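Below, each chain spelled out in residue letters.
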There are 2 protein chains.
Amino acid sequence: MISSFFPPQRTLMGPGPSDVSPRVLGALARPTIGHLDPLFVQLMDEIKELLQFAFQTKNELTLPISAPGSAGMEACFVNLLSPGDKVIVCQNGVFGGRMKENVERCGATAIMVEDTWGEPVSIGKVVTAFDQHPDASILAFVHAETSTGVCSDAAALCALARGRGALSIVDTVTSLGGIEVLADDWGADAVYSGTQKCLSCVPGISPVTFSARAVDRINNRVHKVQSWFLDMQLIMGYWGGSSKRAYHHTAPVNDLYALHESLIMLQEEGLEATHQRHRRNHEGLVAGLEAMGLAMAVAPEFRLPQLNSVLIPEGVDDAALRTTLLQEFSLEIGAGLGALAGKTWRIGLMGFASNERNVVYCLNALEAVLDGQNAAINTGVALPAARAALKR
Amino acid sequence: MISSFFPPQRTLMGPGPSDVSPRVLGALARPTIGHLDPLFVQLMDEIKELLQFAFQTKNELTLPISAPGSAGMEACFVNLLSPGDKVIVCQNGVFGGRMKENVERCGATAIMVEDTWGEPVSIGKVVTAFDQHPDASILAFVHAETSTGVCSDAAALCALARGRGALSIVDTVTSLGGIEVLADDWGADAVYSGTQKCLSCVPGISPVTFSARAVDRINNRVHKVQSWFLDMQLIMGYWGGSSKRAYHHTAPVNDLYALHESLIMLQEEGLEATHQRHRRNHEGLVAGLEAMGLAMAVAPEFRLPQLNSVLIPEGVDDAALRTTLLQEFSLEIGAGLGALAGKTWRIGLMGFASNERNVVYCLNALEAVLDGQNAAINTGVALPAARAALKR
């Protein structure tokens, strides 16, 4: 017989999921009510409003997709693309590659703009791509690359798309709640995210927002959306006004309790204070890592405060180190992904997990384990450096 | 400012979600761990094994899709169909219509076999459909129609498909955990379900199982699966053996804690005892309803014990009655759907909610509200009749 599962209390400092606050876990476990219950419909309306705040948008079509971030990505592509379309896809990490897959599975063509992993999307290359493919109808890019820890210039890229008469699809899975996401100011057309990163909610839900221009394109489609589950016209009917709600699927009721609570926490702290906290803890971590003698993988001006890519020093056993951190410190940090596997660690400071305690705990643990592996690091200096930076 | 949401404690006797046991809610709220954590990988393996038990199958490809039942349905269709295929779709309620949508969005043709809502799928009509379309490569049908409360003969339909060289896709969203589901004995090829019905777990996850024949068809596809998120070859890679797991999406960690716990409860009670409990409580409810003078909408031999369709008596205000039940008794029962809207109620006795207390509570509440509307019912007789039936 299989018995009940009691997970340990981890400190989650990988690329996500991040630590979920007890307040959000408490909301998650409240009694399930029906998805057509008038009280639940009110909750849905509040979630829409809170997501508009998080995305900094007035877009009416702003709601959580009932599935993880990769389904949110797919929702953007299948609703805005039709067979034969040309899409400029920027790739500077894993997730641009996934966008390409999505484009091709819609029967459209992906024009790839490739940048080195660890660097941001080059605006100049995107300009060239539009020059060569003036009929491209969509520009897709990742704002905060989870695989590398790099931030690209979303404002410039969205403006470029608009200037060329194209719509923009923006991945903010790792940025939302950690750094500025300004859907309206950017003029972004379709933006998707995930709940398990800087929102510090449980994994499984994908907030999305679509501009009026994007909604126009959806409403004027000739081909039916290839996914029934992700068809935004049907989903709009389900999430629309209370009076005219049409059954589509059964919403993940409890996950939405949790999302609601995590968004209230964001609202309470305020966006600016939240972003400052992420910035400060990032600076503390980097000061400690660099004092120890470790090097960051990304140039300072492109670093994401919530996801810190660190170069693995020569001679260190990557897998053994992460296993020791997990087993002896119950601390999870992330491995490198794709081209960076074995070359970097990814240390997350996301949402609820972005706090001084975690900065200190992680530096302590890393120092102990690296020292145990006889790595050439400076000991005893990381904490003072981190604490000095945290006090600035 | 929007404030925290505290849902009331409902009694959920609609078509789902059903009441979730405190034990499952407790599991749901346990601390989130990483989706690549070795302990989580073990949990995934246990869930696969528990789902094999629930579906009564040895199919290796048995796992939960990280999205609601409608995504589970779509996963079956997009992985097994290719453009140009012919699919025989049985429709005797809402969900056959949704299957048709799925078939068409795959670029395939749906051959519809229609039966009256409230009646089971006619085997004879399916035989005729295969005679007329011997090249049909798939037969799709709903085992337990949630919109009508009718059970169809899954064993006969799967055998028929096999005899004609076609694969079968079976919707067991409302049946799994409530009545017998015998994936292997039936010879079913793709079976999907939901967590929020007789498994009494939170909504949002869709267990699926694929036969070896289905896996063969998936592995021999020429066209890529149109959905990246639901591509079973990628999902297999993620749910495969611990050693060779490939990142696909981030699993909904906490929802899977809950599913694991709900499946353990099913394992503890045993399938036969679970089905008997559903049967007994159904008989108690029906005895009470009929004593009151209400009539069931489905012939006895086709009734689902977990979903009881009741004809709304003449002159009763359907919406007002359900609102009063919800507001004064915190009791949810379901409205009729589609062709049966305004004509039936759907009273669920699913999973954890299938208990004597709920039978009695629902009969009491219905009697009080119907009497308050001056409906022509027999008062004071429902409970004795129900209790007698429950004791049998």
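Conventions adopted
- Residues numbered from 1 in each chain as written.
- Chains lettered and ligands numbered in written order.
- Predicted model: local features only at pLDDT ≥ 70, side-chain atom pairs only at ≥ 80, totals over all residues.
- Helix = DSSP H or I, 4+ residues; strand = E, 2+ residues; numbered from the N terminus.
- Rg over C-alpha atoms; globule rule 2.2 N^0.38 Å.
- Buried ≥ 20, exposed ≤ 12 C-beta atoms within 10 Å, placed from the backbone.
- Contact = placed C-beta atoms within 7 Å.
- Nonpolar A, V, L, I, M, F, W, Y, C, P; charged D, E, K, R; others polar.
- Least-squares fit on C-alpha atoms with pLDDT ≥ 70 in both.
- Domains from an automatic or database assignment.
- Pairing = 2+ DSSP bridges.
- Axes fitted to C-alpha atoms, helices over the stretch in contact; angles between N-to-C directions.

### Brief notes about the overall build of chain A
1) Next: Each helix and strand counted, chain A has 14 helices and 13 strands in total.
2) Next: For 392 residues, the compact-globule formula gives about 21 Å, and the C-alpha radius of gyration of chain A, at 21 Å, lands near that figure.
3) Next: Expressed as lengths along the three principal axes of its C-alpha atoms, the size of chain A is roughly 65 × 55 × 50 Å.
4) Next: Expressed as a percentage of its 392 residues, the buried residues of chain A come to 58%.
5) Next: Across chain A, contacts joining residues at least 24 apart in sequence account for 72% of those joining residues at least 6 apart.

### Regarding the interface of chain B and chain A
1) Next: Contact with chain B, which involves 65 residues of that partner, is made by 64 residues of chain A.
2) Next: Residue assignment for the side of chain B that touches chain A shows that the elements contributing at least two residues are α1 (22-28), α2 (38-55), α3 (69-80), α4 (94-105) and α10 (253-269) of chain B.
3) Next: It is α10 of chain B that contributes the most residues to the side of chain B that touches chain A, 8 residues altogether.
4) Next: Of the residues assigned to the side of chain B that touches chain A, the class counts are 30 nonpolar, 22 polar and 13 charged.

### What about the relation of the copies chain B and chain A?
1) Next: With an RMSD of 0.0 Å, chain B superimposes on chain A once it is rotated by 180° and translated 0.0 Å along the axis. Taken together, the rotation and translation relating the two chain copies correspond to the operation of a two-fold axis.

### Description of the domain arrangement of chain A
Residue and element names in this part refer to chain A.
1) Next: As assigned here, chain A comprises domain 1 (21-268) and domain 2 (271-391).
2) Next: One C-alpha centre belongs to domain 1, the other to domain 2, and the line joining them spans 29 Å.
3) Next: Residue-level contacts link 22 residues of domain 1 with 22 residues of domain 2.
4) Next: Looking at side-chain class alone, the side of domain 1 that touches domain 2 contains 10 nonpolar, 10 polar and 2 charged residues.

### A closer look at the sheet that holds strand β4 (residues 109-114) of chain A
Residues and elements named next belong to chain A.
1) Next: Read from one edge of the open sheet, 7 strands run β2-β10-β9-β8-β5-β3-β4, paired in mixed fashion. On the outer flanks of this sheet lie β2 (61-65) and β4, each paired with one strand and no other. Going across the sheet, the axis of each strand differs from the next one's by a mean of 15°, ignoring polarity.
2) Next: Examined bridge by bridge, strand β5 (residues 138-142) and strand β8 (residues 167-171) share 5 bridges and lie parallel to one another. Within β8, the residue paired with F141 across the bridge is V170.
3) Next: In this fold helix α6 (residues 154-163) packs onto β5 and β8, with an angle of close to 155° to the strand it touches most, β8.

### Some details on the environment of S82 of chain A
Residue and element names in this part refer to chain A.
1) Next: If you trace the backbone, S82 turns up in the loop between α3 (69-80) and β3 (86-91).
2) Next: A count of 18 C-beta atoms within 10 Å places S82 in the partly exposed class.
3) Next: For S82, the contacting residues outside a window of four places in its chain are R221, V222 and H223.

### Focus: the environment of G97 of chain A
1) Next: Relative to the assigned elements, G97 of chain A resides in helix α4 (residues 94-105).
2) Next: Owing to 16 C-beta atoms within 10 Å, G97 of chain A belongs among the partly exposed residues under this scheme.

### Section: the pairing of strand β2 (residues 61-65) of chain B
Residue and element names in this part refer to chain B.
1) Next: Within β2, 5 of the 5 residues are buried, which leaves the element mostly enclosed by the surrounding structure.
2) Next: Looking at chain direction, β2 and strand β10 (residues 206-210) are connected through 5 bridges and run antiparallel. Bridging across to β10, L63 finds its partner in V208.

### So, the sheet that holds strand β5 (residues 138-142) of chain B
All names here are of chain B.
1) Next: In spatial order, the strands read β2-β10-β9-β8-β5-β3-β4; together these 7 strands make up an open sheet with mixed pairing. Strand pairing shows two members of the sheet lacking a second neighbour, β2 and β4 (109-114), which therefore form its edges. Each strand of the sheet is rotated relative to its neighbour by a mean of 15°, with strand direction disregarded.
2) Next: Relative to β10, strand β9 (residues 190-192) runs antiparallel, the two sharing 3 bridges. Each bridged residue has a counterpart across the sheet, and for Y192 the counterpart in β10 is V208.

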